[in-house]
Amino acid sequence: MSGEPPLPVRLTQALIAAESVTPARGAVFDVLEAMLTPLGFAVDRFVTGEAPEGPVENLLAVRGTGGPHFAFAGHVDVVPAGTGWSAGAFEPVVRGDLLHGRGAVDMKGAIGAFVAAASAPQDRGTLSLIITGDEEGPAIHGTRALIDRMRVRGLQPNMCLVGEPTSTHRLGDTIKVGRRGSVNIWIDVPGQAGHVAYPHLADNPIPRLVAALAEIDALVLDTGTDWFQPSNIEITDLAVGNPATNVIPPLASARLSIRFNDQHRGAELGERIAAIVRAHAPNAVVRPVVSGEAFLTEPGPLSTLVSDAIEARLGLRPELSTSGGTSDARFLSALCPVVEFGLLNATMHKADEAVAIPDLVALADIYRDIVARALA
Ligand SMILES: [Zn+2]
């Protein structure tokens with residue numbers, strides 16, 4: 001590529017060069033603020049949370065007043081570089097038509113495209129950027145804190161787009177209109193240790209745990225919906241750790257991971273599992289940790305608007321998907337309709353993470369068109 005790279009590429013390069021392994025603070029936000037302030041955004045940065053989950057920095061940038069209000073959301077933190085890079089992970093380098101660097105697709109490329117899109121003139125409404133430094137980490141003090149901040153400031157978007165890398169084979173082939181929820185459940189069944197030759201003086205927890213797990217494994221939570229695959233329970237660990245052949249162990253433990261659709265809530269699933277376990281082992285300790293509720297933005301005005309903008313630039317109509325893990329869209333869906341659309345996800349979290357420069361340019365064009373349609 002000869003001459004100066006296109007604007008979204010230059011912006012993404014500057015963001016990659018500001019190393020920001022999660023939780024991100026400081027330099028990368030300085031770089032982003034310096035991009036947004038000259039475009040007329042009022043930039044509000046705040047640090048929140050304490051170790052070990054924090055402190056975390058967040059940034060809320062707002063331009064314009066009144067409705068309609070469109071919001072871009074994303075994160076500037078990245079996963080660690082890891083090993084196996086051809087060059088420095090935080091030295092953005094162009095080879096052929098690829099821009100390499102940690103965060104190129106997840107998701108500094110999308111943030112660069114947000115800013116490039118926002119460089120177009122805006123005659124009405126409100127455009128905001130909701131950017132956290134804690135999405136790849138615990139995500140306790142990130143987007144949730146930003147949503148609280150927006151509520152306090154009376155900022156209520158009509159629509160939100162999260163720039164996570166959702167495309168799978170070519171740019172624009174997939175957008176996410178929902179995500180499954182996730183709950184992990186730890187189960188401890190206490191017994192009474194003893195000699196195997198004297199079982200009447202002991203209480204073996206293993207048969208009771210195994211019976212409970214058999215019942216749990218046979219559960220059919222649902223058969224799926226128009227937009228979601230069936231919810232699924234996986235037994236992910238089973239531990240007794242008994243090295244002795246002649247000892248009845250004092251404790252048996254297991255762990256479950258449930259990925260669930262919008263027919264369920266995490267807490268309700270935790271209670272359901274606890275009831276099954278306690279029917280077999282009344283003194284069992286069951287500890288569910290919900291990492292995200294399921295959400296669905298019913299296909300409608302927002303998904304149509306985004307699909308139209310993709311089709312206008314790329315000539316293809318995206319698939320509306322709810323697959324994959326959780327994302328911050330689960331929190332933003334409490335605020336307004338939200339969809340996710342971004343770059344190809346093939347290299348995310350890998351060595352030599354890279355974005356195709358034509359994709360980055362097209363993404364910025366599509367984002368600009370989305371803003372124009374949303375604020376029209
Ligand atoms: Zn991401």
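What counts and what doesn't
- Residues numbered from 1 in each chain as written.
- Predicted model: local features only at pLDDT ≥ 70, side-chain atom pairs only at ≥ 80, totals over all residues.
- Heavy atoms only, no water.
- Helix = DSSP H or I, 4+ residues; strand = E, 2+ residues; numbered from the N terminus.
- Polar contact = N/O pair within 3.5 Å; in protein donor to acceptor, adjacent residues only side chain to side chain.
- Contact = heavy atoms within 4.5 Å.
- Donors = N, O, S within 2.8 Å, 3.2 Å for Na, K, Ca; no water.
- Tetrahedral: all angles 85-135°; square planar, octahedral: opposite > 155°, others 65-115°.
- Buried < 20%, exposed > 50% of the residue type's maximum accessible area, 1.4 Å probe, protein only.
- Core = buried A, V, L, I, M, F, W, Y, C linked by side-chain atoms within 4.5 Å.
- Salt bridge = Lys/Arg side-chain N within 4 Å of Asp/Glu carboxyl O.
- Expected span 1.5 Å × (residues − 1).
- Arc of directions from axis to C-beta.
- Pairing = 2+ DSSP bridges.
- Axes fitted to C-alpha atoms, helices over the stretch in contact; angles between N-to-C directions.
- UniProt positions renumbered as here; feature names shortened; annotations may be inferred.

> Can you walk me through the side chain of Thr132 in this structure?
Take Thr132: it is sitting in strand E6 (residues 126–132). For Thr132, the side chain forms a polar contact with the main-chain nitrogen of Asp134, separated by 2.9 Å. Other than its neighbours up to four places away in sequence, Thr132 contacts Phe29, Val56, Glu57, Asn58, Gly74, His75, Val76, Asp77, Gly142, Thr143, Leu146 and Asp328.

> Would you mind going over the coordination of the zinc ion with me for this structure?
Ideal values for angles at a metal depend on the geometry: 109.5 degrees with four tetrahedral donors, 90 or 180 degrees with six octahedral donors. Ligation of the zinc ion by protein atoms is provided by His75 (NE2), Asp106 (OD), Glu164 (OE) and Glu164 (OE), these donors lying 1.8 to 2.6 Å from the ion. Geometry at the zinc ion is irregular, judged from the four donor atoms that bind it and their angles of 53 to 142° at the metal. Going along the chain, you hit the donors of the zinc ion in the pattern H-x30-D-x57-E. Remark: Glu164 occurs in the loop between strand E7 (159–162) and strand E8 (174–176) and His75 occurs in strand E3 (residues 69–75); sequence separation between them is 89 residues. In this structure, His75 and Glu164 share a single accessibility class: buried.

> Teacher, can you tell me more about the nonpolar core here?
It is characteristic of soluble globular proteins that their nonpolar side chains tend to be buried jointly. Judged by nonpolar contacts, the single largest core of 58 residues is most densely connected at Leu32, Phe70, Leu161, Val306, Phe341 and Tyr367. Of all the elements, helix H9 (residues 357–375) adds the most residues to this core, at 11 residues. Core analysis: the next-biggest nonpolar cluster, separate from the first, contains 24 residues, Val183, Ile185, Ala212 and Ile216 among them.

> Where do I start with the pattern of salt bridges in this structure?
Side-chain pairs of opposite charge can arise where the charged atoms are in close proximity. This model, assessed by the stated rule, comprises 15 salt bridges. For Arg317, the salt bridge goes to Glu311, with nearest N and O atoms at 2.7 Å. The exposure class assigned to Arg317 is partly exposed, which follows from its relative accessible area of 42%. Linking Arg368 and Asp365 is a salt bridge whose minimum nitrogen-to-oxygen distance equals 3.2 Å. Taken together, the positions of Arg368 and Asp365, both in helix H9 and three residues apart, correspond to about one turn of that helix. The class of Arg368 is partly exposed, set by a relative accessible area of 33%. A relative accessible area of 24% places Asp365 in the partly exposed class. Salt bridges sharing partners connect three or more residues here, namely Asp30, Glu33, Arg45 and Glu57.

> Hey, could you run me through helix H5 (residues 205–217) in this one?
An ideal rise of 1.5 Å per residue puts 18 Å on 13 residues; H5 measures up with 18 Å between its terminal C-alpha atoms. Among the residues of H5, Pro205, Arg208, Leu209, Ala212, Leu213 and Ile216 are the ones counted as buried. End-on, the buried residues of H5 take up no more than an arc of 135°, which puts them together on one face. Exposed residues on H5 whose side chains face more than 90 degrees from its buried face are Pro207 and Asp217. Elements in contact with the buried residues of H5: strand E10 (181–190), strand E12 (232–239), strand E14 (251–260) and helix H6 (266–280). Where H5 starts, the residue carrying a side-chain oxygen 2.9 Å from the main-chain nitrogen of Ile206 turns out to be Asn204.

> Please explain the sheet that holds E10 as it appears in this structure.
The strands that make up a sheet pair up through hydrogen bonds in the backbone, lying either parallel or antiparallel. With antiparallel pairing, four strands are arranged side by side in an open sheet as E12-E14-E10-E15. Of all the strands in the sheet, just E12 and strand E15 (285–292) have a single pairing partner and so form its edges. Each adjacent strand pair in this sheet contributes to an overall mean axis angle of 15°, direction not counted. Bridge count for E12 against E14 is seven bridges, and the pairing is antiparallel. Bridging from a neighbouring strand, Asn232 pairs with Arg259 of E14. Lying over the sheet, H6 contacts E10, E12, E14 and E15, oriented at roughly 25° with respect to E10.

> What's the story with helix H3 (residues 108–118) in this structure? I'm lost.
For H3, the tally of buried residues reaches 11 of 11 residues, placing the bulk of the element in the interior. Of the residues making up H3, those classed as buried are Lys108, Gly109, Ala110, Ile111, Gly112, Ala113, Phe114, Val115, Ala116, Ala117 and Ala118.

> Can you walk me through the UniProt feature "active site" (unreviewed entry) in the protein chain in this structure?
Taken from the UniProt record, the annotation "active site" (unreviewed entry) applies to Asp77 and Glu135. For the residues just named, distributed over 59 residues, the greatest C-alpha separation is only 6.8 Å, placing them together at one site. Relative to the assigned elements, Asp77 resides in the loop between E3 and strand E4 (93–95). Since its relative accessible area comes to 0%, Asp77 is described here as buried. Beyond its immediate stretch of four places on either side in the chain, Asp77 contacts Ser20, Thr22, Ala24, Thr132, Gly133, Asp134, Glu135, Glu136 and Gly137. Of note is the side chain of Asp77, whose polar atom sits 2.7 Å from the side chain of Thr22. Apart from residues lying up to four places away in sequence, Glu135 is in contact with His75, Asp77, Glu164, Ser327 and Asp328. Separated by 3.4 Å, the side chains of Glu135 and His75 make a polar contact.

> What exactly am I supposed to notice about the environment of Ala81 here?
Looking at the secondary structure, you find Ala81 in the loop between E3 and E4. Distance from Ala81 to Val21, taken between C-alpha atoms, is 8.1 Å for residues 60 residues apart in sequence. Beyond its immediate stretch of four places on either side in the chain, Ala81 contacts Ala89, Phe90 and Arg102.

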